[in-house]
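# Summary of the model geometry
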Amino acid sequence: MKFEEMSVVEHITELRKRLLIIIAFFLIAVIAGFLIARPIIIYLQHTEEASNLTLNAFNLTDPLMVYMKFAFIIGLVLTSPIILFQLWAFVSPGLYEKERKVTLSYIPISICLFLLGLAFSYFVLFPFVVEFMWKISENLDVNQVIGINEYFSFLLQLTIPFGILFQLPVVIMFLTRLGIVTPMFLSKIRKYAYFVLLVIAALITPPELTSHLMVSIPLFILYEISIFISRFAYRSAQKAKFEEANKEEK
């Protein structure tokens, strides 16, 4: 049955089925996350950025909170391929045959971009931000007493958004394939998109020009790459529609 021929009840039933699969895999992944979290937390406590800090637990529940945050995020990362595949499986009946094959290939690309975003934010941005904050404390003669929960919360708040933001090219490519956006529209709203990206960069970086530029410039580049990819996806989608139309006529 084609996507457009399905009734509302069938759409809801199909969506419920996909969500149940995702939830089941997520629960399993979180359990695995609890097993993986400990060595990751210990490793991060002995990195160069954390070596100059004494991490303290200000509440009895702080270590547990850190453990649970990492288990949840690890579970989410492990489940992400399943989430993306179920999303593809839900919308694929509405796509042409060639589009199904192409959009399925977006899943590994999306995961790679997420990991690339994490790597950039952790190895490039995070050390710079930590050093910047440390210098401010020294200039003000402040003795920093860092809570382990606060430290890892700050780390996750800085790195996870970058992993998500690096999905922009894949999201744009997928939406272009679905016909929701076009490269012409993306070019038209470029200045507004840049403003939004500047605001996002300001929210996830300290109030300092260099770090703000370190975030803003990669985001601008990602947006321009997204427009380029959208043009390619748009032409491919138009070509697929033309070929399918010819097949139906024959």
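Residues numbered from 1 in each chain as written. Predicted model: local features only at pLDDT ≥ 70, side-chain atom pairs only at ≥ 80, totals over all residues. Heavy atoms only, no water.

### Focus: the pattern of salt bridges
The line we're drawing: For this document, the term salt bridge refers to a Lys or Arg side-chain nitrogen within 4 Å of an Asp or Glu carboxyl oxygen. Helix and strand definitions follow DSSP, with helices as H or I runs of at least four residues and strands as E runs of at least two, each counted in order from the N terminus. Burial classes: relative accessible area under 20% of the type maximum marks a residue as buried, over 50% as exposed, and values in between as partly exposed (1.4 Å probe, protein chains only).
Overall, the coordinates contain three salt bridges when judged by the stated rule. For Glu 14, the salt bridge identified is with Arg 18, shortest N-O distance 2.6 Å. Here Arg 18 and Glu 14 lie together in helix H1 (residues 8-45), a separation of four residues that amounts to about one turn. Here the two residues Glu 14 and Arg 18 agree in accessibility, since each one is buried. Note that Lys 135 and Glu 131 form a salt bridge whose closest N and O atoms lie 3.4 Å from each other. With Lys 135 and Glu 131 both in helix H5 (residues 106-139) and four residues apart, this pair spans about one turn of that helix.

### Considerations on the nonpolar core
What counts, and what does not: For our purposes a nonpolar core is just a set of buried Ala, Val, Leu, Ile, Met, Phe, Trp, Tyr and Cys residues, chained together by side-chain atoms within 4.5 Å. We call two residues contacting when some pair of their heavy atoms lies within 4.5 Å.
Ranked by size, the top nonpolar core spans 36 residues in total, and within it Phe 70, Phe 126, Tyr 151, Phe 152, Val 215 and Leu 219 carry the most contacts. Per-element accounting of this core gives the leading share, nine residues, to helix H6 (residues 148-165). Other than its neighbours up to four places away in sequence, Phe 152 contacts Ile 41, Leu 44, Gln 45, Leu 55, Val 66 and Phe 70.

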